[in-house]
Amino acid sequence: MAENKILIYAGTTEGRRLAEFLVKREVSVHVCVATEYGESLLPEGSNITTTHERMDEKQMIEFINEYHPSYVVDATHPYAIEVTENLQNACEKAGVPYLRILRDTGAEKSDCIYVDSMEEAIEYLEQTTGNILATTGSKELAAFQNLTDYKKRVYARVLSTAKVAHKCEQLGFTGKNLLCMQGPFSVEMNYAIMKSYDISYMVTKDSGNIGGFLQKYNAAKKAGVKIIVLGRQKEESGYTYEEIIDLLKEEYHFKTMQKVTLAGIGMGTEGSMTVEVKKACEEADVLIGASRMLKSVVKEGQQTFAAYKPEEITDYIFSHPQDENIVVVLSGDPGFYSGAKKLILTIRDRMKKSGEPDRVKTEILPGISTVSSLCAKLQIPWEDIKLVSLHGREENLLAAVKNNKYTFTLTGSAADVRKLAKTLIDARLGDCNMAVGAELTYEGEQILKGNVSEFLDYDGDNLAAVLIANPYGGENAVTHGMNDEEFIRGDVPMTKEEVRSISLSKMKIRKSDIIYDIGAGTGSVSVESAIQAEDGQVYAVEINPEAAGLIEENARKFAVSNIKVIEGSAPEILKDLPAPDCVFIGGSKGRLEEILELIRKKNPQARVVLNAISLETLAQTLEYCRKYPIKNDEIVQVNIAKSKVVGSYHMMTGQNPIYVVSFELD
């Protein structure tokens, strides 16, 4: 084959899709269609030419011999029987391979009337009364002239071209009985036409799922219209669209090119989707998403794959190269706690591993987020709201509620809402109010408002959106050095507030740090670290069971949910913990070197701060610093005296001197 040239006789969606596929791959393609309108729907490009003249067998042979294609693809309508026969004969005589695209017409419907010809359809309709919608095309309209009162009873829906309209007028179809329209038609559009013209019968062809038959069928069922299906098709041999694509890919070694659109479908109802997202879903080769979301967007006969895990979706994409326009539907907005971020990273990683870095092009279409939908219902702005999610995630929600007037969160179950209410009350945030929105934009939409205590028995929809209003949010001072008297003490040692303040300063805690507090005592350092590392996690390591209990009590008292108490002895108990960014050592039980070496293995750049009261502990620390590589080391000796009232006097009482040692592993 000197040149890759494909000749397509089109007239269907599959023909247009094949033309687009070939144009993208710079294959020379010529498309023959029957009308100027059909020609206008084809893609543009320097490698595509088109004609819209009807051809008989002789003309087809002449054109094939002139064009010299490698293949001729028959993508004409299933009912264009004469065209198909002429094209088969022409290809055989011209000696060019012929490929027929078959359309899946689905199983026959038991409640439809199937006829072999228009004559049989007219014979049946002659025995009936009521208006008739003819959707068989202008070529079949002449047969309706044999029906009594056809000018009054028959409403002809045909293509909106001047030539077709003129032909219909000549046959006696004029005024309101001539509906010049261009599809595709949705169920809603078909239903509206049937109801507007008081239709009792519809005459149609089984154009297959992709050709709009199911949309007509479902609309007719809804409107109570009897369906007459014309001409059972004869059995054909050929290929599905996907098989044609696979054949051409193997023949010409085409590069796989897939577009994956991550579309936010808002709350899931049609009214909450953008026009852009609706259009993308309608044009998709396949829709992917959770079953609940697919039900919101899928059209009759459209291909779907139910999945929500990034790995499953990526596996499908790479194992179905023929699907070039894939839409992954995501609830709400893809940029707000959705699977979009991880899915894109998974796809990119798969492309890199497969050696096809340009195989998949991703695109994101935004949707209406749950937070904007709920706040619109409540008529409040959301630009200052703190956003977190409990739906399949762990978040430091208490810190968000304490530090903000409004906090929004997504929950994964009704139990999450009940647990949230109890957690807020236990954390002394019982003054907060909540608004819980379930089934937003759906018929069963419910928005409940009240004090948090009113949601302890919540039994509403599992997937709920919650807005928490804290009248005192953000009023707490952002500092360290909390008063010692505020902590629950017991008989457990505690790092005093002045020393604690210096130690926390040396720790240089960042908002999302992972922190170890080893020998945590009452948990005073853990609590203040957790407040500063609002998006991080504190692991309070303590061997004493009484102390471990006090840490949990103090965590509840100060409403910090990002502390995990780890009861046991370091370094063994540290092995399964995530790598720390920062470590505070209040007590090491003589195993300082072992602890620090385990930390070095987990994170060679971790920052360490320790308090030494005895000279022996200080000596162990200095020995470690000489023996192992460290940087930015510093020793601060802290001597503190606090006033004590004796009679009418204030006397200063000295405390044990403390050595605050800080350094970074290197």
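From a predicted model like this one, the values you see are computed outputs, not experimental measurements.

About the criteria used
What you see as residue numbers is a count from 1 along each chain, following the sequence as written. Only residues with pLDDT of at least 70 get local features here, since the model is predicted, and only at 80 or more are side-chain atom pairs given and counted; chain-wide, interface and lining totals rely on the full set of residues. As a rule here, side-chain values come from all non-hydrogen atoms in the structure, and water together with hydrogens is ignored. What counts as a salt bridge is simple: a side-chain nitrogen of Lys or Arg found within 4 Å of a carboxyl oxygen of Asp or Glu. Elements are defined by DSSP. Helices are runs of H or I of four residues or more, strands are runs of E of two residues or more, and each kind is numbered from the N terminus. Residue exposure (1.4 Å probe, protein chains only): buried if accessible area is under 20% of the type maximum, exposed if over 50%, otherwise partly exposed. Strands are treated as partners if at least two bridges between them are detected by DSSP. Here is how to tell: hold the view so the strands point away, follow the path from the first strand over the helix to the second, and if it runs clockwise the crossover is right-handed. Angles run from 0 to 180 degrees between N-to-C directions of axes, and those axes are lines fitted to C-alpha atoms, restricted for helices to the stretch in contact. Every residue pair with non-hydrogen atoms within 4.5 Å of one another is taken to be in contact. Note that His is not counted, nor are the chain ends; the positive residues are Lys and Arg, and the negative ones are Asp and Glu. Aromatic rings from Phe, Tyr and Trp, with only the six-membered ring used for Trp, were paired whenever their centres fell within 6.5 Å, and each pair was classed as stacked if the ring planes differed by under 30 degrees, edge-to-face if by over 60, and tilted otherwise. A helix is expected to span 1.5 Å for every residue after the first. If an angle is under 35 degrees, it is roughly parallel; if it is over 145, roughly antiparallel; if it lies from 65 to 115, roughly perpendicular; otherwise it is oblique. Left-handed describes a crossing whose near helix is turned anticlockwise from the far helix through less than a right angle; right-handed describes the clockwise counterpart. What makes a patch is a set of residues exposed beyond 30% relative accessible area and free of salt bridges, joined within 9 Å when like-charged and within 5 Å when nonpolar (Val, Leu, Ile, Met, Phe, Trp, Tyr). Each accessible area is a Shrake-Rupley result for a 1.4 Å probe, and residues are judged covered by the shown protein chains and nothing else. Where a charge lies is defined by one atom per residue type: Lys uses NZ, Arg uses CZ, Asp uses CG and Glu uses CD.

Colleague: Explanation requested: the pattern of salt bridges in the structure shown.
Modeller: Counted according to the given criterion, the structure contains 26 salt bridges. Between Arg591 and Glu594 there is a salt bridge; the shortest N-O distance is 3.0 Å. The salt bridge involving Lys627 is made with Glu593; its shortest N-O contact spans 3.1 Å. Here Lys627, found in helix H22 (residues 615-627), pairs with Glu593, found in helix H21 (residues 592-602); they are 34 residues apart in sequence, far enough to count as distant. Owing to a relative accessible area of 49%, Lys627 belongs among the partly exposed residues under this scheme. By relative accessible area, Glu593 is classed as partly exposed at 35%. A single salt-bridge network, built from bridges that share partners, covers Asp484, Arg500 and Glu528.

Colleague: Just checking my understanding: could you explain the pairing of strand E2 (residues 28-32) for this structure?
Modeller: Along any regular strand the residues' side chains alternate between the sheet's two faces. With four of its five residues buried, E2 lies for the most part within the structure. With five bridges joining them, strand E1 (residues 5-9) and E2 adopt parallel strand pairing. Across the sheet, residue Ile8 finds its bridge partner in E2, namely Val31. Of the crossover connections in this fold, the one passing from E1 over helix H1 (residues 13-24) to the parallel E2 is right-handed.

Colleague: Would you mind showing me how to read the sheet that holds strand E6 (residues 113-115) here?
Modeller: Pairing in this open sheet of six strands is parallel, and the strands run E6-E11-E10-E7-E8-E9 from one edge to the other. Looking along the sheet, the strands with just one partner apiece sit at the ends: E6 and strand E9 (178-180). Averaged over all pairs of adjacent strands, the angle between their axes in this sheet comes to 20 degrees, without regard to strand direction. Sheet analysis places strand E10 (residues 199-205) next to strand E11 (residues 226-230), joined by five bridges and oriented parallel. Directly across from Val203, in E11, lies its bridge partner Ile228. Across the sheet, helix H5 (residues 118-125) is in contact with E6, strand E7 (131-134), E10 and E11; its angle to E11 comes to roughly 155 degrees. In the packing of helix H8 (residues 187-196) onto the sheet, the strands contacted are E7, strand E8 (154-158), E9 and E10, and the crossing angle to E10 comes to about 135 degrees.

Colleague: Hey, could you run me through the side chain of Asp333 in this one?
Modeller: Its location among the elements puts Asp333 in the loop between strand E15 (325-330) and helix H14 (340-354). Despite its burial, Asp333 pairs with no opposite charge, the nearest such side chain being Lys341 at 13 Å. If near-sequence neighbours (up to four positions away) are discounted, Asp333 is found in contact with Ser338, Pro366, Gly367, Ile368 and Ser369.

Colleague: I would appreciate a short explanation of the packing of aromatic side chains in the present structure.
Modeller: One pair of aromatic rings is described through two measures. These are the centre distance and the angle between the planes. Counted by the stated rule, this structure contains 15 aromatic pairs. Measuring from ring centre to ring centre gives 6.1 Å for Phe63 and Tyr67, while their planes differ by 15 degrees; the resulting arrangement is stacked. With Phe63 and Tyr67 both in helix H3 (residues 57-67) and four residues apart, this pair spans about one turn of that helix. For Tyr67, a relative accessible area of 14% puts it in the buried group.

Colleague: I would appreciate a short explanation of helix H4 (residues 81-94) in the present structure.
Modeller: Residues separated by three or four positions in an α-helix point in the same direction, a consequence of the helix having 3.6 residues per turn. Here H4 is 14 residues long and its end C-alpha atoms lie 20 Å apart, about the 20 Å a rise of 1.5 Å per residue gives. Along its buried surface, H4 packs onto E1, H3, strand E4 (71-74) and strand E5 (98-100). Remark: Gly95 follows H4 within two positions and exhibits a positive phi of approximately 75 degrees.

Colleague: What should I look at first to understand the environment of Leu577 in this one?
Modeller: Here Leu577 is to be found in the loop between strand E24 (563-567) and strand E25 (582-585). Taking relative accessible area as the criterion, Leu577 reaches 11% and is therefore assigned buried. Ignoring any residue separated from it by four or fewer positions in sequence, one finds Leu577 in contact with Tyr516, Tyr539, Val541, Ile566 and Lys602.

Colleague: Teacher, can you tell me more about the sheet that holds strand E17 (residues 386-389) here?
Modeller: In a beta sheet, neighbouring strands are held together by backbone hydrogen bonds and run either parallel or antiparallel to one another. Taken in spatial order, the five strands of this open sheet run E17-E18-E21-E19-E20, and their pairing is mixed. One side of each edge strand has no neighbouring strand; the edge strands of this open sheet are E17 and strand E20 (446-451). Adjacent strand axes in the sheet meet at a mean angle of 15 degrees when their direction is disregarded. Here six bridges tie strand E19 (residues 433-438) to strand E21 (residues 464-469), and the two strands are oriented antiparallel to one another. If you follow Ala435 over to E21, its bridge partner there is Leu467. Against the sheet, helix H15 (residues 370-378) makes contact with E17, strand E18 (406-411), E19, E20 and E21, and its axis sits at roughly 60 degrees relative to E21, the strand it touches most.

Colleague: Even after reading the chapter, I still don't get the environment of Lys419, so can you show me in this structure?
Modeller: Along the polypeptide, Lys419 turns up in helix H17 (residues 414-426). You can call Lys419 exposed: its relative accessible area is 58%. It is 33 Å that separates the C-alpha atoms of Lys419 and Leu262, two residues lying 157 residues apart in sequence.

Colleague: Got a minute to help me understand the packing of helix H13 (residues 310-319) against H14 in this structure?
Modeller: Two measures define how a pair of helices packs: the angle their axes make with one another and the distance between the axes. Viewed as axis vectors pointing N to C, H13 and H14 meet at an angle of 45 degrees, and their least axial separation amounts to 9 Å. Considering the angle they form, H13 stands oblique to H14. Helix-helix and strand crossings are classified by hand; for H13 and H14 the assignment is right-handed. Here Pro310, Glu311, Ile313, Thr314, Asp315, Ile317 and Phe318 of H13 come into contact with H14, specifically with Lys342, Leu343, Thr346, Ile347, Arg350, Met351 and Ser354.

Colleague: Hey, could you run me through the packing of H21 against H22 in this one?
Modeller: Interaxial distance between H21 and H22 falls to 10 Å at its minimum, and their mutual angle equals 40 degrees. Taken together, the axis directions place H21 and H22 in an arrangement best described as oblique. Of the two elements, H21 crosses H22, and the hand of that crossing is right-handed. The residues of H22 that touch H21, namely those facing Leu592, Glu593, Leu596, Glu597 and Arg600, are Gln620, Thr621, Tyr624 and Lys627.

Colleague: How should I be thinking about unusual backbone geometry in this particular structure?
Modeller: Most peptide bonds are trans, and most residues other than glycine sit at a negative phi. With omega at 10 degrees, the peptide bond leading from Ala570 into Pro571 counts as cis. Following the sequence through the fold, Pro571 ends up in the loop between E24 and E25. With a phi angle near 50 degrees, Asp198 is a residue other than glycine that sits in the positive phi range. For Asp198, the location among the structural elements is in the loop between H8 and E10. Classification of Asp198 as exposed rests on a relative accessible area of 55%. Within the chain, His253 stands out as a residue other than glycine whose phi angle is a positive 55 degrees.

Colleague: It is not clear to me how a negative patch on the surface should be interpreted in this structure. Could you clarify?
Modeller: A contiguous patch of negative charge, built from Glu243, Asp246, Glu250 and Glu251, is present on the exposed surface. Structurally, Asp246 is set in helix H10 (residues 241-252).

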